[in-house]
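Structure assessment
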Amino acid sequence: MIRDMIPTVQKPMPDIYRNRSDQEYDEGIAQAKKRLGKDLVIMGHHYQRDDVIRFADFTGDSLELARIAEKQKRAQYIVFCGVHFMAESADILTGEEQAVILPDMKAGCSMADMADLEELEEAWDVIQEELGDTVIPVTYVNSTAAIKAFVGRHGGTTCTSTNAKGVLEWAFTRKKRILFLPDQHLGRNTAYAMGIPLEQMAVWNQVEGVWEEEKGPKEDWRVLLWKGHCSVHTKFTLDQIEKIRKQDPKTRVIVHPECTFDVVQASDDNGSTSYIIRRIQEAPSGSKWAVGTEVNLVQRLAHQHPDQEIRLLSETMCPCLTMNRIDRPHLLWTLESLVEGRIINQVSVDEDTTHWAKTALDRMLSIG
């Protein structure tokens, strides 16, 4: 039983897991996975490195994987090859007798970490004082369980990059204004595509405790953006797009909506990770793409579709460094520990946070 096994927080990975050959890692992981059998399910996020994701039972984006994990009723162990907030979401949705494990607990998300609960509570007090009961909070699923729970307690919901437009439409039927966090760019790009002008948006700088980018009067504000961003997607620039246009006008530029406003506006297309994958899958042979998203995914798409010309929008690599902390040594350590009857690096969300975070997630799922 899970409760009979003492979970431990991450300690330094034993030296015996370092400096092995590729073959030794692959054989060790495969063997441990076989021994654990149906007790184990491995989740692999789209941005995960190839030498790890090849061992995943399921691949997808963060919420998709969490919802798949929810259905794995027979598995005792859900090993999540992603980042911390994703494992939290999986723990929220899975049963008490299941353990969600992150092979490296240092695999965090800089964007999620930009929204701190204490800072959000302070911001909410300012918002209530200045704008009254006119604001509903919406958080991107790329946020901590604590932030999701805050949103759930205050009548709000979560969103993904795929359903952000529908969620914002729902939110506007509840309140005049939306507080969108933690990614200002997804919020701005989505709201603008809905016809909301930039003059009706403002950015809350949580570090300084002040409003920024106030282009219109406060009474006209409709979207309040948290000053957060993705360290990967903000590396794509307008100059990169202009260079692509000059090199080959036939190359289509497709980017993720976590990119900055000017990059999204200048691109030929934009959408979620799943959308980008689908567009390329459906594209005819000979198509040319410059893709503005995480490099592991772009390289995988290029390998899967050799009949198309697929390249990273940037000339320099844009990996998610925290995602790349999940490597074969940590995965092997995790699995062999489970074989030995020990759980390491378990991600566990407390009962109250789970309740309210799930409330926020359920609201989103009910929107349709």
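What you see is a predicted model; the values in this text were computed from it and never measured.

Here we take up the confidence of the model for the chain. The predicted coordinates ought not to be read in detail in places where the model reports low pLDDT. Across the chain, the average pLDDT comes to 94, with 97% of residues at or above 70. Predicted confidence for residues 1–8 stays below pLDDT 50, and this span has 20 contacts to residues more than four positions away or in other chains.

Further remarks concern the UniProt feature "binding site: iminosuccinate" (unreviewed entry) in the chain. According to UniProt, the "binding site: iminosuccinate" (unreviewed entry) feature falls on His-45, Ser-62, Tyr-140, Val-141, Asn-142, Ser-161, His-256, Pro-257, Glu-258 and Thr-273. Of note, Ser-62 is situated in helix α3 (residues 62–70). On the basis of relative accessible area, Ser-62 is assigned to the buried category, the value being 8%. For Ser-62, the residues in contact, after removing those within four places along its chain, are His-45, Phe-80, Phe-85, Met-86, Val-141 and Asn-142. Position of Ser-161 among the secondary structure elements: in the loop between β6 (157–159) and α8 (164–172). Classification of Ser-161 by relative accessible area gives buried; the value is 18%. Ignoring sequence-local partners within four residues, the contact set of Ser-161 consists of Tyr-140, Leu-186, His-256, Pro-257 and Ser-272.

Below, the discussion takes up the pairing of strand β1 (residues 40–45). Of all six residues in β1, six are buried; the element is thus mostly enclosed. Side-chain alternation along β1 places Leu-40, Ile-42 and Gly-44 on one buried face and Val-41, Met-43 and His-45 on a second face that is also buried. Looking at chain direction, β1 and strand β3 (residues 77–81) are connected through five bridges and run parallel. Bridge pairing in β3 places Gly-44 opposite Cys-81. In this structure, β1 lies alongside strand β2 (residues 58–60), joined through three bridges in parallel fashion. Note that in β2 the partner of Met-43 across the bridge is Phe-58.

For the rest of this paragraph, the subject is α3. Listed in full, the buried residues belonging to α3 are Ser-62, Leu-63, Leu-65, Ala-66, Ile-68 and Ala-69. Residues of α3 that are buried sit in contact with β1, β2, β3, α4 (84–93) and α15 (351–367).

In this section: the sheet that holds strand β10 (residues 223–226). If you walk across this open sheet you meet the six strands as β6-β5-β7-β10-β8-β9, and the pairing is mixed. The outermost strands of the open sheet, each flanked by one partner alone, are β6 and β9 (210–212). Between one strand axis and the next, the sheet turns by 30° as a mean value, whatever way the strands run.

On domain assignment, one finds that the chain holds domain 1 (15–108 + 323–349), domain 2 (112–229) and domain 3 (238–312). Between domain 1 and domain 3, the C-alpha centre-to-centre distance is 29 Å. Taken together, the nine residues of domain 1 in the interface contact nine residues of domain 3. Summed over both partners, the interface of domain 1 with domain 3 buries about 710 Å², with 40% contributed by carbon and sulfur atoms. Looking only at domain 1, the three residues that lose the most surface to domain 3 are His-46, Tyr-47 and Asp-50, adding up to 73% of its buried area. Viewed at the interface, domain 3 and domain 1 are joined by one salt bridge. Across the pair Asp-50 and Arg-300 runs a salt bridge, and its minimum N-O distance is 2.7 Å. For the interface between domain 1 and domain 3, the tally reads seven residue pairs in polar contact (both at pLDDT 80 or more).

Glancing now at the packing of aromatic side chains. The tally for this structure, following the rule as stated, stands at four aromatic pairs. Plain terms: the ring middles of Trp-124 and Phe-150 are 5.7 Å apart, the flat faces sit at 85° to each other, and that makes the pair edge-to-face. You can see Trp-124 sitting in helix α6 (residues 117–131) and its partner Phe-150 sitting in helix α7 (residues 145–153), a full 26 residues away along the chain. With a relative accessible area of 4%, Phe-150 lands in the buried category. An aromatic cluster is defined as three or more aromatic residues linked by ring pairs; in this entry it consists of Trp-204, Trp-211 and Trp-221. In this structure, Arg-222 packs its charged tip against the face of Phe-172, placed 4.4 Å from the ring centre.

Once that is clear, we can look at the UniProt feature "binding site: [4Fe-4S] cluster" (unreviewed entry) in the chain. On the UniProt side, "binding site: [4Fe-4S] cluster" (unreviewed entry) is annotated at positions that read Cys-109, Cys-230 and Cys-320 here. Considering the C-alpha atoms alone, the annotated residues occupy 212 residues of sequence yet fold into one spot, their largest mutual distance being 9.3 Å. Looking at the secondary structure, you find Cys-230 in the loop between β10 and α10 (238–247). What Cys-230 contacts, discounting residues up to four positions off in sequence, is Met-111, Asp-183 and Glu-258. Its location among the elements puts Cys-320 in the loop between β14 (309–312) and α14 (328–339). Residue Cys-320 is classed as buried on the basis of its relative accessible area, which comes to 15%. Excluding residues that lie within four positions of it along the chain, Cys-320 makes contacts with Val-232 and Glu-294.

Right, let's talk about the nonpolar core for a bit. Within the largest apolar cluster, 105 residues are counted, with the highest numbers of intra-cluster contacts made by Val-79, Leu-335 and Leu-338. Setting aside its immediate chain neighbours within four residues, Leu-338 contacts Leu-36, Leu-40, Tyr-77, Val-79, Ile-101 and Ile-343. Listed in part, the 17 residues of the second largest apolar core include Leu-120, Ala-202, Trp-204 and Trp-221.

So, how was this worked out
Sequence order sets the numbering: in each chain, residues are counted from 1 along the sequence as written. Per-residue local features of the predicted model are confined to residues with pLDDT of at least 70, and side-chain atom pairs are confined, for both listing and counting, to 80 or more; whole-chain, interface and lining totals are unaffected and use all residues. Side-chain figures throughout are based on the complete set of non-hydrogen atoms in the structure, without hydrogens or water. The predictor reports its confidence for every residue as pLDDT, a score running from 0 up to 100. For this analysis, residues touch if any pair of their heavy atoms sits within 4.5 Å. UniProt positions are given in the numbering used here, feature names are shortened, and annotations may be inferred rather than shown by experiment. Only runs of H or I of at least four residues qualify as helices and only runs of E of at least two qualify as strands under DSSP, and these elements are numbered from the N terminus. Only protein chains enter the accessibility calculation, which uses a 1.4 Å probe; a residue is then buried when its area is under 20% of its type maximum, exposed when over 50%, and partly exposed in between. Paired strands are those between which DSSP finds at least two bridges. Fitted lines through C-alpha atoms give the axes, limited to the stretch in contact for helices. The angle between two N-to-C directions lies from 0 to 180 degrees. Where each domain starts and ends follows an automatic or database-derived domain assignment. Each of two parts loses accessible area, computed with a 1.4 Å probe, when they are put together; buried area is these two losses added. What counts as a salt bridge is simple: a side-chain nitrogen of Lys or Arg found within 4 Å of a carboxyl oxygen of Asp or Glu. In the analysis that follows, any N or O atom pair within 3.5 Å is treated as a polar contact, provided that within protein one partner can donate a hydrogen and the other can accept it, and provided that, for residues neighboring in sequence, both atoms belong to side chains. Pairing of aromatic rings covers Phe, Tyr and the six-membered ring of Trp, with a centre-to-centre limit of 6.5 Å; geometry is then stacked below 30 degrees between planes, edge-to-face above 60, and tilted otherwise. Definition used: whenever NZ (Lys) or CZ (Arg) falls within 6 Å of the ring centre and also within 35 degrees of the ring normal, the charge is taken to sit over that ring. Think of a nonpolar core as a cluster: buried Ala, Val, Leu, Ile, Met, Phe, Trp, Tyr and Cys residues, connected wherever their side-chain atoms sit within 4.5 Å.

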